[in-house]
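Survey of secondary and tertiary structure
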Amino acid sequence: MSIRICNLPFNSSFAPQPRARISSRSTRVFARTENDTQQQLNLSVLRFTFGIPGLDESYLPRWLGYGFGSLLLLNHFSASAPINEPQLRSEALGLSLAAFSIALPYIGKFLKGSVVEQRTLPEEGEQVFVISSNIGDSLKEDLAWATYVLLRNTSTIAVLISVEGELCIRGYWNCPDQMLKAQLHDWFKKKVDEIGLADVKETLYFPQYEVWFIGSSASWDILPNGTRSLFVQPLIQDINEPQKMDGFLLVASTAGYAYSDKDRAWIGAMAEKFRG
Amino acid sequence: MEARIILQIQILWNPNRQSFRRPCLHLPRFFIRASSSTSQKPRSYKGPKPSTNLVADFISRNDDLARSLPIYVGGASLLAVLFNRTVSGIAPVADASSSQSRADLLALGLAVTNLLTGLVWLSIRPKSITPVNPEGVDCKVVDSDLPTSIVSELLWGWESLKLATCCKSLVIVYNGICLIQIGMVAESPQDKKRVVVNTDKLMQGSVYRGVMKSKAQSYLANLSLYPGRSELPFLPANTQAVILQPLGDKGIAVIGGNTIRGFTSSDQAWISSIGEKLDATLGRYFVDSAEVSREKD
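The structure contained in this document is the topic of the report that follows. (Residues numbered from 1 in each chain as written. Chains lettered and ligands numbered in written order. Predicted model: local features only at pLDDT ≥ 70, side-chain atom pairs only at ≥ 80, totals over all residues. Heavy atoms only, no water.)

For chain A, the helix and strand inventory stands at 6 helices and 11 strands. Sorting the 276 residues of chain A into buried and exposed places 49% on the buried side. Within chain A, contacts between residues at least 6 apart in sequence are counted, and of these 69% link residues at least 24 apart. Summed over its atoms, the accessible surface of chain A is roughly 13,700 Å², and 54% of this surface lies on carbon and sulfur atoms. (Helix = DSSP H or I, 4+ residues; strand = E, 2+ residues; numbered from the N terminus. Buried < 20%, exposed > 50% of the residue type's maximum accessible area, 1.4 Å probe, protein only. Contact = heavy atoms within 4.5 Å. Areas by Shrake-Rupley, 256 points an atom, 1.4 Å probe, with all protein chains shown as cover.)

All names here are of chain A. What the 6 strands build is an open sheet, ordered 6-8-7-11-10-9; its pairing is antiparallel. Where the open sheet ends on each side, the last strands, each with one partner, are strand 6 (127–131) and strand 9 (204–206). Across the sheet, the axes of successive neighbouring strands diverge by a mean angle of 5°, strand direction being ignored. Direction of pairing for strand 10 (residues 229–234) relative to strand 11 (residues 247–253): antiparallel, over a ladder of 6 bridges. Note on strand 11: the bridge partner recorded for Leu-230 is Ala-252. Relative to strand 7 (residues 158–163), helix 3 (residues 137–153) is tilted by about 150°, and along the sheet it contacts strand 6, strand 7, strand 8 (166–172) and strand 11. (Pairing = 2+ DSSP bridges. Axes fitted to C-alpha atoms, helices over the stretch in contact; angles between N-to-C directions.)

A few words on the sheet that holds strand 3 (residues 167–174) of chain B. Residue and element names in this part refer to chain B. Reading across the sheet, the 6 strands line up as 2-4-3-7-6-5 and stay open at both edges, with antiparallel pairing between neighbours. Since the sheet does not close on itself, it has two edges, and those belong to strand 2 (137–142) and strand 5 (218–220), each with one partner. Neighbour-to-neighbour, the strand axes of the sheet open up by a mean angle of 15°, direction not taken into account. Pairing between strand 2 and strand 4 (residues 177–185): 6 bridges, direction antiparallel. Within strand 4, the position partnered with Val-137 by the bridge is Val-185.

Among the nonpolar cores identified, the biggest contains 55 residues, and Met-270 of chain A together with Ile-172 and Phe-263 of chain B are the most heavily contacted of them. When residues of this core are assigned to their parent elements, the largest contribution, 7 residues, is made by helix 5 (residues 148–164) of chain B. Setting aside residues up to four positions removed in sequence, Ile-172 of chain B forms contacts with Leu-154, Ile-177, Cys-178, Leu-179, Ile-180, Leu-247, Ile-252, Ala-253 and Leu-278 of chain B. (Core = buried A, V, L, I, M, F, W, Y, C linked by side-chain atoms within 4.5 Å.)

On to the interface of chain A and chain B. Size of an interface, as often reported, equals the accessible area lost when the parts are brought together. Opposite the 74 residues of chain A that make contact, chain B presents 77 residues. Regarding the contact of chain A and chain B, the summed buried area is about 6,900 Å², with carbon and sulfur atoms giving 65% of it. Linking chain A to chain B there are 4 salt bridges. Glu-141 of chain A serves as the salt-bridge partner of Arg-284 of chain B, at 3.0 Å between the closest nitrogen and oxygen. Across the contact surface, chain A and chain B share 18 residue pairs in polar contact (both at pLDDT 80 or more). It is helix 2 (residues 85–108) of chain A that provides the largest number of residues to the side of chain A that touches chain B, a total of 15 residues. (Buried area = accessible area lost by both parts, 1.4 Å probe. Salt bridge = Lys/Arg side-chain N within 4 Å of Asp/Glu carboxyl O. Polar contact = N/O pair within 3.5 Å; in protein donor to acceptor, adjacent residues only side chain to side chain.)

Quick look at the structure:
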């Protein structure tokens, strides 16, 4: 057990990490701060740590809550003779404190400057990259660049951009292998039409996406296993501009609460590029 | 297998069906409702809407209160345990002999955990820095020789920066020409109009040369501490932070912000991606136009 004084400069390098280095089994946690433009994390403070790598001390209240709560119950049931009232009061207080401690890491996740989970790559499956062939070269280049940048700069593992019905798909998707690119494009188009994503009028953000939650429609299973966050940004925001391009942008990540306000603002800016 | 095919047929041909949690196996319907509008109009969205998380909203809005909450809870329960002891007439002795003391000790341990967690949360509170309004004139000047596609790309870049970051001024110089000067611009004291970008002076200065040599983005988080400030006279005098993004080896984008350390590492990554894209687009345009002018001669 040790107390470590952290005096790190804030500008940690944001070099894009090659995929081969990210282990697909472990969840690495590091302090990428989720902050507004006006705030800066003051890191020269005393931080309590056991010094064991890979152990996340912010979950300590939860473990202590479970441990002490179970000891309280043990104490209650192993007590001989009728239990008097003051003890019952103490035990009630102790159990409610234990419940609160168990909830503390969850509350701490929403505070500013909290640690954000890093994405894990799906274990099976390969990356796909499919662009419709019915569009011009400059749009193809823009789509390729936009999907690449979204995969690199956010914790996205799968991205799909639809412009006037033509799709560009990149990343890890749950699609049949051994299909030709043209067939794969049509297969995705069919699935997307079934969900009706082109009709979405406002942004949709699911920070805790659960498979059962979406419904029985089989089309949602194109998303890779382990998807925890989903964000859909339609290109059209205003029906009074009919000459603008129709479509949407979908990003998915294996980290929960992966898209902060800033990430969503940047994804909206990317969508603006394709509005025409 | 049969059931799955029937279910799929139902999904395809019944666009108005509600989405259920579990697949409901209806009796097979032997007529198919042919809707001719499915090819033109997008099918209506059948998925769920995101639900609001009340806890998350409350905590993000009342950050300070949420941080000190564990301290109050821990402190109050500490006092409550002692009070309980005194009220019930048992001596406040902290030994593990009776089961009452054991329960009290466990409650005390949890109270202390909460207190310490609250203290840790308070100590890692981010410092909030107020933005400073840049002094100058608002302007939008784009080089007139550029084609519309390039202009729209540059304006898209400006809109994204304005929306997603604390950027308030943008100047792009490429191939010795100032392509765009947009946002808040310093006001020249003589004629009360915007300060024009002197590209020759900029390109001979140490700031530009340093960025071109390192070929990497340069982030001046607190511009007032930087001596090369005088080489950027076109930015408002109280610009707080500046990012200098090289566009390949022929140009530079100067992005001014209104908060000290206002650009996060995420912003820096996005800005360098946009810089690469602009360099590709502008490079191609200028190479093409150079070829065209060579053919004309």
